[in-house]
Amino acid sequence: MIHDIHEECGIFGVYGHPEAANLTYLGLYALQHRGQEGAGICSSDGRHLFLEKSRGLVADAFNEKRLRRLPGHISIGHNRYSTAGSSVLRNVQPIVAKFALGTLAVAHNGNLINALEIRASLENEGAIFQSSSDSEVMVHLIAHSKGDDFYERVLYALKQISGAFSLLILREKELLAIRDPYGVRPLSLGIKDGAYIVASETCAFDLIGAMYVRDIEPGEVLIIGEEGLRSMKLMNSYKKAFCVFEFIYFSRPDSNIFGGVSVNEMRKEFGRQLARESMNNADLVIPVPDSGVPAAIGFSEESKVPFDFGLIRNHYVGRTFIEPKHHIRHFGVKIKLNPVRKLLEGKRVIVIDDSIVRGTTSKKIVKMVKEGGGAKEVHLKICSPPTIGPCFYGIDTPTRQELIASTHLVEEIRKYITADSLSYLSLEGLKRIIPGAHNYCTACFDNNYPISFPGEHLEQMQFLFR
Ligand code: AMP
């Protein structure tokens with residue numbers, strides 16, 4: 001059940017547009033990479049909230065009929081990340097609830113590290129939970145909070161929770177966009193035809209023709225309503241902890257995140273730095289598509305080793321793919337990637353990938369480039385440092401024991417994946433490239449966790465992730 005506490009997702013909100021739900025649908029489409037398990041939209045016409053959600057991809061979850069059932073000028077949407085064990089509809093967001101002050105819908109990206117304790121204490125007070133998602137914990141917290149008005153309740157509730165949260169709250173007449181004081185997950189504000197747009201990543205603005213205005217600040221509660229924008233401070237953000245893995249793997253390269261930094265540019269720079277740190281004689285640089293592409297271009301530019309697409313990705317492999325049983329089973333990575341033999345045969349090939357988590361993908365890729373492609377040598381270069389720490393803040397990484405780099409030396413990993421050489425980007429190199437690197441969480445590479453675990457939860461986490 002460990003996956004139930006992971007909440008990696010894409011969120012999108014609109015305030016003040018007659019086609020709010022349609023724009024949200026498009027926004028979720030652009031954020032599909034952040035979650036494929038389920039999609040939901042909740043809209044408001046100023047008096048009532050309307051909710052439609054379904055398992056699966058955005059394009060499958062919605063059709064014209066469903067979108068027509070979402071009237072109004074305010075809307076929030078959510079893509080849920082695909083994790084094992086919890087792919088039930090009731091976990092698909094937004095989560096909607098009625099309470100003393102009206103109706104409320106919540107969409108959340110991130111991971112609360114004290115959700116289990118809060119849930120237990122709310123249950124003690126009589127709250128009944130329908131899902132295992134963090135968002136429901138927040139809904140109940142707000143509903144049970146004390147305070148004269150809604151905003152006081154929200155602030156009170158948010159002060160109880162610890163962890164990573166980029167959050168959208170929809171009420172009948174307003175939209176709230178909130179980012180935790182560390183700013184772990186990205187969240188940006190845009191504008192289109194006078195309407196305000198909020199999105200996990202700016203690539204969603206591009207699709208609908210919205211202009212980027214600014215990020216929601218760490219620790220900010222932005223209220224978007226009839227009077228325009230109003231900002232409250234949840235608490236002072238003393239220490240920022242932007243997630244470095246958003247640059248490495250999670251965000252789309254056409255997004256600018258964490259104060260407008262281009263993901264594509266960062267990935268290219270990681271590749272250039274990797275070339276400066278670990279060069280060897282080779283005939284060709286190829287990326288593992290898609291996440292390795294910008295870094296491989298950077299590596300090629302810096303090293304002057306020619307770049308080409310030696311692995312072709314099938315973009316139509318979705319979650320609906322059924323592997324036939326019996327002897328033709330176990331395609332594994334082959335169903336996704338295929339080598340271009342004409343390019344690779346007899347060559348010394350540098351393969352660039354973004355990260356190694358368990359090591360199983362890399363092993364298959366090395367084999368594919370050697371056996372399928374006929375490469376003479378395969379030098380695998382990873383444009384991030386060894387992943388040694390599990391993420392408690394929303395990136396879906398396995399337990400510490402399953403992270404190959406936490407239990408094995410680089411040379412042992414090289415042997416396991418059968419590469420001729422294996423190099424990683426150094427942590428120093430990574431930090432040199434990222435502007436304001438001290439503002440980033442790099443716990444997955446250095447075990448330095450910026451948000452501490454409260455009380456008993458530490459033991460529980462250590463048990464789960466040991
Ligand atoms: P593996 O080493 O076989 O566990 O998988 C590593 C590959 O998974 C990397 O090359 C990444 O492209 C991809 N990856 C890294 N982090 C994640 C994540 N949080 N969720 C899904 N895929 C990931």
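### Looking at the nonpolar core
Membership of the largest hydrophobic core comes to 47 residues, with the highest contact counts inside it found for F247, F270, I352, Y393, L430 and I434. Contributing elements (two or more residues each) for this core: β14 (242–243), α8 (245–250), α9 (263–277), α10 (293–303), β20 (348–353), α15 (427–433), β23 (440–441) and α16 (443–446). Looking at which domains feed residues into this core, each of domain 1 (10–240) and domain 2 (266–315 + 330–433) gives three or more. One finds I95, A115, L122 and L234 within the second-largest nonpolar core, a separate group that totals 31 residues.

### Section: the pattern of salt bridges
Under the defined criterion, the tally for this structure stands at 22 salt bridges. Here R68 ties to E64 by a salt bridge, and the two come within 3.7 Å at their closest N and O atoms. Placement of both R68 and E64 in helix α3 (residues 64–68) is noted, with a separation of four residues, approximately one turn of the helix. By relative accessible area, R68 is classed as exposed at 61%. According to the relative accessible area criterion, E64 is exposed, its value standing at 62%. Between R272 and E301 there is a salt bridge, and its shortest N-O distance comes to 2.6 Å. In this pair, R272 is assigned in helix α9 and E301 in helix α10, connecting sequence segments 29 residues apart. Beyond isolated ion pairs, a larger network of salt bridges with shared partners links R34, R185, E201 and E246.

### Things to note about the domain arrangement of the protein chain
One can read the domain layout of the protein chain as domain 1 (10–240) and domain 2 (266–315 + 330–433). Taken residue by residue, the interface counts eight residues in domain 1 and six residues in domain 2. In this assembly, domain 1 packs against domain 2 so that about 490 Å² is buried in total across both faces, 58% of it on carbon and sulfur atoms. When residues of domain 1 are sorted by the area they lose upon contact with domain 2, N111, I113 and R185 head the list and together hold 59% of the total.

### Here we look at the environment of A296
Turning to its location among the elements, A296 is positioned in helix α10. Judged by relative accessible area, A296 falls into the buried class, the value being 0%. Sequence spacing of A296 and A419 is 123 residues, and the spatial spacing of their C-alpha atoms is 17 Å. Beyond its immediate stretch of four places on either side in the chain, A296 contacts V285, I286, P287, F307 and I352.

### Observations concerning the site of the ligand
Taken together, 15 residues form the shell around the ligand, and within it Y81, D354, R358, G359 and T361 come nearest. Y81 places a polar side-chain atom, nitrogen or oxygen, 2.6 Å from a nitrogen atom of the ligand. Note that an oxygen atom of the ligand is positioned 3.1 Å from one of the backbone N or O atoms of S355. Here the ligand has 500 Å² of accessible area as a free molecule, and 84% of this is covered by the chains. Class assignment of the residues belonging to the shell around the ligand gives a composition of six nonpolar, five polar and four charged.

### Focus on the packing of helix α4 (residues 115–124) against helix α5 (residues 134–144)
It is the contact of α4 with α5, at a shortest axis distance of 10 Å, that shows an interaxial angle of 45 degrees. Classified by the angle their axes make, α4 and α5 are oblique. In this structure, the crossing between α4 and α5 has a hand that is left-handed. Across the interface between the two elements, A115, I118, R119 and L122 of α4 pack against D134, V137, H140, L141 and H144 of α5. For the contact of α4 with α5, the class distribution of residues is five nonpolar, two polar and two charged.

### With respect to the environment of S291
Here S291 is to be found in the loop between β17 (284–287) and α10. We classify S291 as buried; its relative accessible area is 15%. Distance from S291 to A61, taken between C-alpha atoms, is 26 Å for residues 230 residues apart in sequence. In contact with S291, not counting residues within four places along its chain, are Y249, R267, D353 and D354.

### Brief notes about the packing of aromatic side chains
For the structure on display, the rule yields 16 aromatic pairs. With 5.8 Å between their ring centres and 75 degrees between their planes, F150 and Y151 make a pair best called edge-to-face. Look at Y151 and you get buried, because its relative accessible area is 18%. For the pair Y393 and Y449, a centre-to-centre distance of 6.3 Å together with 70 degrees between the ring planes defines the contact as edge-to-face.

### Notes on the sheet that holds strand β1 (residues 9–15)
Within the open sheet, the seven strands sit side by side as β3-β2-β4-β1-β10-β9-β11. Their pairing is antiparallel. Edge positions in the sheet fall to β3 (49–55) and β11 (211–215), since each has one partner strand and no second. Taking the axes of each pair of neighbouring strands and ignoring which way they run, one obtains an average angle of 15 degrees across the sheet. The sheet contacts of helix α1 (residues 20–30) involve β1, β2 (38–44), β4 (74–80), β9 (188–192) and β10 (195–199), and relative to β4 the element is tilted by about 25 degrees.

Conventions we followed
- Residues numbered from 1 in each chain as written.
- Predicted model: local features only at pLDDT ≥ 70, side-chain atom pairs only at ≥ 80, totals over all residues.
- Heavy atoms only, no water.
- Core = buried A, V, L, I, M, F, W, Y, C linked by side-chain atoms within 4.5 Å.
- Buried < 20%, exposed > 50% of the residue type's maximum accessible area, 1.4 Å probe, protein only.
- Helix = DSSP H or I, 4+ residues; strand = E, 2+ residues; numbered from the N terminus.
- Domains from an automatic or database assignment.
- Salt bridge = Lys/Arg side-chain N within 4 Å of Asp/Glu carboxyl O.
- Contact = heavy atoms within 4.5 Å.
- Buried area = accessible area lost by both parts, 1.4 Å probe.
- Near = heavy atom within 4 Å.
- Polar contact = N/O pair within 3.5 Å; in protein donor to acceptor, adjacent residues only side chain to side chain.
- Areas by Shrake-Rupley, 256 points an atom, 1.4 Å probe, with all protein chains shown as cover.
- Nonpolar A, V, L, I, M, F, W, Y, C, P; charged D, E, K, R; others polar.
- Axes fitted to C-alpha atoms, helices over the stretch in contact; angles between N-to-C directions.
- Parallel < 35°, antiparallel > 145°, perpendicular 65-115°, else oblique.
- Left-handed = near helix turned anticlockwise from the far one by under 90°.
- Phe/Tyr/Trp six-rings, centres within 6.5 Å; stacked < 30°, edge-to-face > 60°.
- Pairing = 2+ DSSP bridges.

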